Amino acid sequence: MAERAANALQWCGIRPGTRALPEERATPAEAEHFVAMQKATEALMRHYEAIESLQMRDMFATDPQRFDRFSLELGDLLFDYSKNRIIDETITLLCELAEAADLKEWRRLMFRGDKINNTEQRAVLHTALRNRSGIPVRVDGKDVMPEVNTEIARMAAFAVSIRNGERRGFTGKRISDVVNIGIGGSDLGPKMVCEALEPFIQPGLRLHFLSNVDGVAAEQVLQELDPETTLFIVASKTFTTQETMTNARTAREWFLSQSGDEAFIASHFVAVSTNSEAVSAFGIDTDNMFVFWDWVGGRFSLWSAIGLPIMIAIGEEGFSELLDGAHAMDCHFMEAPLERNMPVILALLGIWYHNYFGAESHAVLPYDQALRSLPAYLQQLDMESNGKSVDRDGRPVLTTTSPILWGATGINGQHAFYQLLHQGSRLVPADFIATAETHSSLKHHHDIMMSNFFSQTEALMRGRTLGETREAIEDAGDSPDEAGHRVSHMIFEGNRPTNTLLLRKMNPFNLGMLVALYEHKIFVQGVIWNLNSFDQWGGELGKQLAKSILDELNAGSAVVGHDSSTNGLINTYKRLR
Ligand code: F6P
């Protein structure tokens with residue numbers, strides 16, 4: 001067994017004594033895992049070599065059923081993955097990889113409340129926040145569902161009182177503006193959802209999101225506001241995040257300078273956190289605090305009290321539908337066989353391109369103005385979860401992880417970076433996302449946008465051959481011979497993979513499904529890469545250094561304690577500011 005383990009480790013690129021742990025420390029279970037992963041990975045490598053040159057346009061030409069075979073539907077969500085460089089066997093082999101990685105067991109452990117966030121000894125239970133099954137979910141033997149439901153009820157009561165005008169500002173006026181002060185997971189989720197569900201927001205209510213510690217951002221938000229009608233939500237899991245606390249203090253000072261009495265704070269400031277001591281220390285009464293728990297990761301927290309701005313914006317019913325949608329995806333993820341499981345397939349296709357084709361990035365391209373912040377939201381969700389180079393046991397990872405996720409609304413991207421997607425030297429797999437029904441009354445705009453949505457994935461898949469390019473030039477009334485060397489610039493090699501996610505319409509339920517789909521995709525990839533997807537130590541070092549540099553910025557003497565670049569930059573800043 002030890003010998004097989006050593007071989008497996010060797011194969012995986014780990015030289016005993018140089019990288020990772022020496023092979024003698026591999027347990028029999030680890031050895032077995034390595035052997036299974038080795039087998040699955042080698043099979044995929046052989047398969048990659050066999051099909052790498054296949055053209056998707058030929059696959060479509062020879063198989064009229066390809067769309068039916070490689071698409072899945074869940075409620076209002078259609079996931080078409082037929083424009084990928086796959087055949088049936090690819091999916092079979094990728095699912096074998098997921099089996100070898102013990103995905104089903106990890107999935108069970110996550111939903112069950114085991115402490116799979118092993119560096120922080122925490123359960124990972126964002127799924128409990130939208131658990132509509134009535135089945136208890138236990139952490140350390142205690143069912144967390146009563147607390148979850150109590151907090152949802154508190155949020156709902158508060159949201160109702162703002163929405164119906166029962167809870168008013170210090171001069172008796174209705175609250176018209178809600179400012180969420182938070183950053184990262186305490187900002188991106190609620191912001192993205194409130195934008196996406198804008199048509200569902202109660203008329204007369206305006207939502208603002210203040211995250212950047214740049215004073216300009218605070219000034220921009222505050223200058224739009226009337227203290228008499230503004231509610232501030234200070235959202236921070238830890239309630240220690242420097243940017244958030246700075247913005248919160250600025251908002252508090254601004255409010256006091258206008259209202260003139262500390263007693264009015266209670267009607268205008270609430271907190272969302274796991275840290276009640278820090279909330280009290282800040283001066284917010286814990287009666288005005290909404291809680292969540294350490295088993296909710298920041299980037300997975302929009303379903304918790306962090307979703308308070310969402311609940312105020314779209315109401316209890318809307319928020320409940322958002323949770324229902326996510327729960328529907330949770331059930332699908334738990335129950336559907338791997339080869340018909342949306343998050344699993346989405347994740348495995350990502351692995352296929354990243355680890356086998358060497359794709360370094362992944363684009364998210366919503367053709368929907370409502371989803372304009374989805375790429376930024378997914379950047380945190382994906383890259384903070386899986387941007388790791390040690391595995392869950394602290395060993396160097398065996399392969400590259402987490403491609404760089406990026407994107408923008410597709411239609412704008414077409415006039416900016418799509419050149420690279422179509423003709424660049426890198427393979428960039430992409431998710432195209434759109435809704436069939438628009439909330440806009442300008443229906444003809446939607447068809448124009450959607451015609452582009454469909455044409456882009458077709459063009460990326462088909463490309464345009466030399467012959468077709470010459471024909472196109474002729475059709476345009478030019479002579480290909482006169483076009484000369486231009487012809488080669490107009491060829492599209494095609495065979496560029498895309499996923500298409502088409503929602504019937506944007507509503508809370510469908511958005512809930514979509515977000516949960518990506519959450520589980522990231523989980524699956526983390527399992528295959530053997531990562532702890534639920535910690536984020538990578539953000540810490542810069543934060544610590546910033547603290548000591550802040551002191552140095554305020555000291556009179558020249559800074560000398562860093563490298564010459566950092567010293568030089570700090571001292572120049574001090575001179576210039
Ligand atoms: O620095 C990264 C991070 O810890 C994120 O993980 C988190 O979402 C964000 O900062 C904000 O943290 P908090 O909600 O504790 O203010």
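Computed from a predicted model, the values in this text were never measured in an experiment. (Residues numbered from 1 in each chain as written. Predicted model: local features only at pLDDT ≥ 70, side-chain atom pairs only at ≥ 80, totals over all residues. Heavy atoms only, no water.)

J.: Whenever I open this one, the site of the ligand confuses me. Can you help?
T.: In the neighbourhood of the ligand, the contacting residues comprise Ile183, Gly184, Gly185, Ser186, Ser236, Lys237, Thr238, Thr241, Gln380, Glu384, Gln536 and Lys543. Here Lys237 contributes a backbone N or O atom positioned 2.7 Å from an oxygen atom of the ligand. Taking Thr241, its side chain carries an N or O atom lying 2.5 Å from an oxygen atom of the ligand. With the chains in place, 86% of the 390 Å² that the ligand exposes on its own is no longer accessible. Of the residues belonging to the shell around the ligand, the class tally is one nonpolar, eight polar and three charged. (Near = heavy atom within 4 Å. Polar contact = N/O pair within 3.5 Å; in protein donor to acceptor, adjacent residues only side chain to side chain. Areas by Shrake-Rupley, 256 points an atom, 1.4 Å probe, with all protein chains shown as cover. Nonpolar A, V, L, I, M, F, W, Y, C, P; charged D, E, K, R; others polar.)

J.: Which parts of the structure should I look at to understand the environment of Val124?
T.: With respect to the element layout, Val124 can be found in the loop between helix H6 (103–112) and helix H7 (126–129). With relative accessibility at 4%, the residue Val124 sits in the buried group. Taking the C-alpha atoms as reference points, Val124 and Tyr418, 294 residues apart in sequence, are found 37 Å from one another. Excluding residues within four positions of it along the chain, Val124 makes contact with Met110, Asp114, Ile116, Asn117, Trp295 and Phe534. (Helix = DSSP H or I, 4+ residues; strand = E, 2+ residues; numbered from the N terminus. Buried < 20%, exposed > 50% of the residue type's maximum accessible area, 1.4 Å probe, protein only. Contact = heavy atoms within 4.5 Å.)

J.: I would appreciate a short explanation of the packing of aromatic side chains in the present structure.
T.: Each aromatic ring pair is specified by the distance between its two centres and by the angle formed by the two planes. In the structure shown here, the tally under the stated rule is 26 aromatic pairs. Between Phe79 and Tyr81, the aromatic rings sit 5.1 Å apart at their centres with planes inclined by 35°, giving tilted as the arrangement. Overall, Tyr81 belongs to the buried group, its relative accessible area being 1%. Considering the side-chain rings of Trp352 and Phe357, the 5.3 Å spacing of their centres and the 80° angle between planes classify their relative orientation as edge-to-face. Judged on exposure class, the residue Trp352 and its partner Phe357 are both buried. One aromatic cluster in this structure is built from Tyr367, Trp406, Phe417, Tyr418, Phe432, Phe453 and Phe454. (Phe/Tyr/Trp six-rings, centres within 6.5 Å; stacked < 30°, edge-to-face > 60°.)

J.: Can you walk me through the pattern of salt bridges in this structure?
T.: What the rule picks out here adds up to 30 salt bridges. Its salt-bridge partner being Glu99, residue Lys104 comes within 2.8 Å of it at the nearest N-O pair. Assessed through its relative accessible area of 39%, Lys104 is described here as partly exposed. The exposure class assigned to Glu99 is partly exposed, which follows from its relative accessible area of 40%. In this structure, Lys191 and Glu195 form a salt bridge, with 3.4 Å as the shortest nitrogen-oxygen distance. Placement of both Lys191 and Glu195 in helix H9 (residues 188–196) is noted, with a separation of four residues, approximately one turn of the helix. Glu195 gets classed as buried once you look at its relative accessible area, which sits at 17%. (Salt bridge = Lys/Arg side-chain N within 4 Å of Asp/Glu carboxyl O.)

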